[in-house]
Amino acid sequence: QDGLKQCLAEFRQQLAWVERLDVTLGPVADPVSQNSSTSAAVDPENDFQREMSFYRQAQAAVLEALPRLHKLHVATRRPDDYFAEMAKSDQQMQKIRQKLKSKQEAMERSEKAKQLRAMRKYGKKVQVEVLQRRQKEKKNMLNAVKKYQKGLSDKLDFLDEEQTSSQGNKKGNASQRTKKGPNAKRRYKNQKFGFGGKKKGSKWNTKESFNDVSSFQSKVAHNKGPGKGGRGGKGGKKTLNKRPGKRARQKMKNRAR
């Protein structure tokens, strides 16, 4: 006992309260029941009662210590321009930012991939619908043709529909061609050089030249002149340029080498 008392005396320091800031009080009174809950009244197995007991005891200590600190002119509120160093370094926060950014980019890529898959599915669905519609139209037309061939029907409406559709396509193509017109290069050349004016027309045929057959030679026209090797001619052998066969051309190439 003497040794314990000696150690306790060494631990005890006679310092001012502002240096120790020790407050020993019971819990503050409950505002509902208007009585202070003692430690015996608190059930230690009840988490809510136990935590409320700690909270009221801390509240009582604050209500006791704050007025004493104000009397000693000790500031109890943090100034607005207070600067405190963060617990985590800038390098660690940079790593966290990079990780969050990579997660966000991965989510965006996943969302884009989902949209592309949805667009592909929709395009495939539309393509299947178009093919089914075409097959149905073709089947209906074949059935109408069979009925007409067997004499079950005398209507030719399917031909009219086909002609109207083809004419509509032709008209659409013609309108596109007319709307298109010459390109920019052609328009620039037309503006710079003009259209060349009217040609002299020396090679144009006229009514008189068409009716004039005096210069026509039937033997020359039908390859029956002298020295010609045509059928019934006097040459006996054909003098037309005939391309040699494949084997002969191969031999000529080998000789040239």
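Just so we're clear, the structure is a prediction, and the values are computed from it rather than from any experiment.

Reading the values: rules and limits
- Residues numbered from 1 in each chain as written.
- Predicted model: local features only at pLDDT ≥ 70, side-chain atom pairs only at ≥ 80, totals over all residues.
- Heavy atoms only, no water.
- Helix = DSSP H or I, 4+ residues; strand = E, 2+ residues; numbered from the N terminus.
- Contact = heavy atoms within 4.5 Å.
- Areas by Shrake-Rupley, 256 points an atom, 1.4 Å probe, with all protein chains shown as cover.
- Phe/Tyr/Trp six-rings, centres within 6.5 Å; stacked < 30°, edge-to-face > 60°.
- Lys NZ or Arg CZ within 6 Å of the ring centre and 35° of its normal.
- Buried < 20%, exposed > 50% of the residue type's maximum accessible area, 1.4 Å probe, protein only.
- Patch = residues over 30% accessible without salt bridge, like charges linked within 9 Å, V, L, I, M, F, W, Y side chains within 5 Å.
- Salt bridge = Lys/Arg side-chain N within 4 Å of Asp/Glu carboxyl O.
- Lys, Arg positive; Asp, Glu negative; His and termini not counted.
- Charge placed at Lys NZ, Arg CZ, Asp CG, Glu CD.
- Expected span 1.5 Å × (residues − 1).
- pLDDT = per-residue confidence, 0-100.

Considering the overall build of the chain
When its secondary structure is counted, the chain shows nine helices and zero strands. The N-to-C order of helical and strand elements in the chain reads α-α-α-α-α-α-α-α-α. Considering only intrachain contacts with a sequence separation of at least 6, the fraction spanning at least 24 residues in the chain is 43%. For the chain, the exposed surface amounts to about 25500 Å²; the carbon and sulfur share of it is 53%.

Examining the packing of aromatic side chains
Inspection of the entire model under this criterion finds zero aromatic pairs. Sitting over the face of the ring of Trp17, Arg68 holds its NZ or CZ atom 4.0 Å from the ring centroid.

Remarks on unusual backbone geometry
Positioned with a positive phi, Leu21 is a non-glycine residue whose angle comes to about 55°. Looking at where Leu21 falls in the secondary structure, it is placed in the loop between α2 (17-20) and α3 (47-71). Judged by relative accessible area, which is 47%, Leu21 ranks as partly exposed. Phi is positive for His73, close to 60°, though the residue is something other than glycine. Along the chain, His73 turns up in the loop between α3 and α4 (90-150).

What to know about a positive patch on the surface
On the surface, a cluster of positive charge is contributed by Lys114, Arg117, Arg120 and Lys121. Looking at where Arg117 falls in the secondary structure, it is placed in helix α4. Its relative accessible area of 44% is what places Arg117 among the partly exposed residues.

Some remarks on the pattern of salt bridges
On inspection of all chains with the given rule, the structure shows three salt bridges. Between Glu137 and Arg133 there is a salt bridge, with its nearest N and O atoms 3.5 Å apart. Separated by four residues within a single helix, Glu137 and Arg133 lie in helix α4, roughly one turn from each other. Glu137 gets classed as partly exposed once you look at its relative accessible area, which sits at 46%.

What about the side chain of Ser53?
Along the polypeptide, Ser53 turns up in helix α3. Excluding residues that lie within four positions of it along the chain, Ser53 makes contacts with Pro27 and Val42.

Notes on α4
The first and last C-alpha atoms of α4 sit 89 Å apart over 61 residues, in line with the 90 Å expected at 1.5 Å per residue. Positive backbone phi, at 85°, marks Gly151, one or two positions downstream of α4.

Digging into the confidence of the model for the chain
Regions with low pLDDT should not have their predicted coordinates read in detail. Across the chain, the average pLDDT comes to 79, with 75% of residues at 70 or higher. When pLDDT is averaged over each helix and strand of the chain, the minimum, 58, is found for helix α5 (residues 157-180) and the maximum, 92, for α3.

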